[in-house]
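Coordinate inspection notes
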Amino acid sequence: NFLYYISLSSNLVALLWKPWSVISYAFFHSDIFHILFNLLMLNFAGRLFLTFFTQKQLLSLYFVGAIFAGFVYLLGYQFLPSLSNANTSLIGASASVMAILFATVAYAPFMEIRLLIFGQLKLWHIALVLVIIDLVQLPMSNTGGHLSHLGGAVFGYIYIQQLKKGRDICAWFS
């Protein structure tokens, strides 16, 4: 029952009595493999992000990316006809991690990464594969999770585009 109180519900009425869930969902996970995968991805994406930006920017992007992705999730469940009657919950750091990864991709898309099995890849190749996976799985299962991943990815991209124009849209958080 604990997860119910900290997860983000697709039901807007539930959001009214547990508004903290817009952020709390990004700090809890449903099982050990869920948190392990997100920690590995956060380590990977966070180290790349910190090559170019500060820890303060990383933290504020994590939080604001979670909020943005949470609203993408909520909007999807309110306005997409196939989802409008569903009542589900969102939990996990994946959307925030996607925001961090895609911010780095938007800033340095041609950065080369050496992966153990695949060898040298450009960072945008990794991002493209992740987006394709989310788009393909969107109608199959965990639709809310995939919506939030895509929301996090979009926010990471927007963040960097605004930062290049001299506007840090996450500065209000820090």
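Conventions and cut-offs
Residues numbered from 1 in each chain as written. Predicted model: local features only at pLDDT ≥ 70, side-chain atom pairs only at ≥ 80, totals over all residues. Heavy atoms only, no water. Axes fitted to C-alpha atoms, helices over the stretch in contact; angles between N-to-C directions. Helix = DSSP H or I, 4+ residues; strand = E, 2+ residues; numbered from the N terminus. Left-handed = near helix turned anticlockwise from the far one by under 90°. Contact = heavy atoms within 4.5 Å. Nonpolar A, V, L, I, M, F, W, Y, C, P; charged D, E, K, R; others polar. Phe/Tyr/Trp six-rings, centres within 6.5 Å; stacked < 30°, edge-to-face > 60°. Buried < 20%, exposed > 50% of the residue type's maximum accessible area, 1.4 Å probe, protein only. Salt bridge = Lys/Arg side-chain N within 4 Å of Asp/Glu carboxyl O. Pairing = 2+ DSSP bridges. Parallel < 35°, antiparallel > 145°, perpendicular 65-115°, else oblique.

Here's the deal with the packing of helix α7 (residues 123-137) against helix α8 (residues 143-164)
Where α7 contacts α8, the axes come no closer than 9 Å and their chain directions differ by 145 degrees. Considering the relative orientation of α7 and α8, their crossing is left-handed. When α7 is examined against α8, the residues Val131, Asp134, Leu135 and Gln137 are found in contact with a partner set consisting of His146, His149 and Leu150. Of the residues assigned to the contact of α7 with α8, the class counts are 3 nonpolar, 3 polar and 1 charged.

What to know about unusual backbone geometry
In this structure, Asn142 is a non-glycine residue whose phi angle is positive, near 50 degrees. Following the sequence through the fold, Asn142 ends up in the loop between α7 and α8.

Side note on the packing of aromatic side chains
Summed over all chains, the structure comprises 15 aromatic pairs. Taken together, a centroid distance of 5.8 Å and an interplanar angle of 85 degrees make the contact between Trp172 and Phe173 edge-to-face. A relative accessible area of 59% places Trp172 in the exposed class. Feature note: the residues Phe27, Tyr62, Phe63, Trp172 and Phe173 constitute an aromatic cluster, connected by ring pairs.

Comments concerning the pattern of salt bridges
In this structure the tally under the stated criterion is 1 salt bridge. The shortest N-O distance in the salt bridge between Glu112 and Lys122 comes to 3.0 Å. Placement of Glu112 in strand β3 (residues 112-115) and of Lys122 in strand β4 (residues 119-122) is noted, with a sequence separation of 10 residues between them.

So, the pairing of β4
By the bridge criterion, 4 bridges tie β3 to β4 in an arrangement that is antiparallel. Each residue of the ladder has a partner; that of Leu115, found in β4, is Gly119. Between the end of β3 and the start of β4, which pair antiparallel, lie 3 residues.

Thoughts on the packing of helix α5 (residues 55-79) against α8
Between α5 and α8, the shortest axis-to-axis distance is 7 Å and the interhelical angle comes to 130 degrees. The angle between α5 and α8 falls in the class oblique. Where α5 crosses over α8, the handedness of that crossing is right-handed. Between α5, through Gln57, Leu61, Val64, Gly65, Phe68, Ala69, Val72, Tyr73, Gly76 and Tyr77, and α8, the contact on the second element is made entirely by Thr143, Gly144, Leu147, Ser148, Gly151, Gly152, Val154, Phe155, Tyr159 and Leu163.

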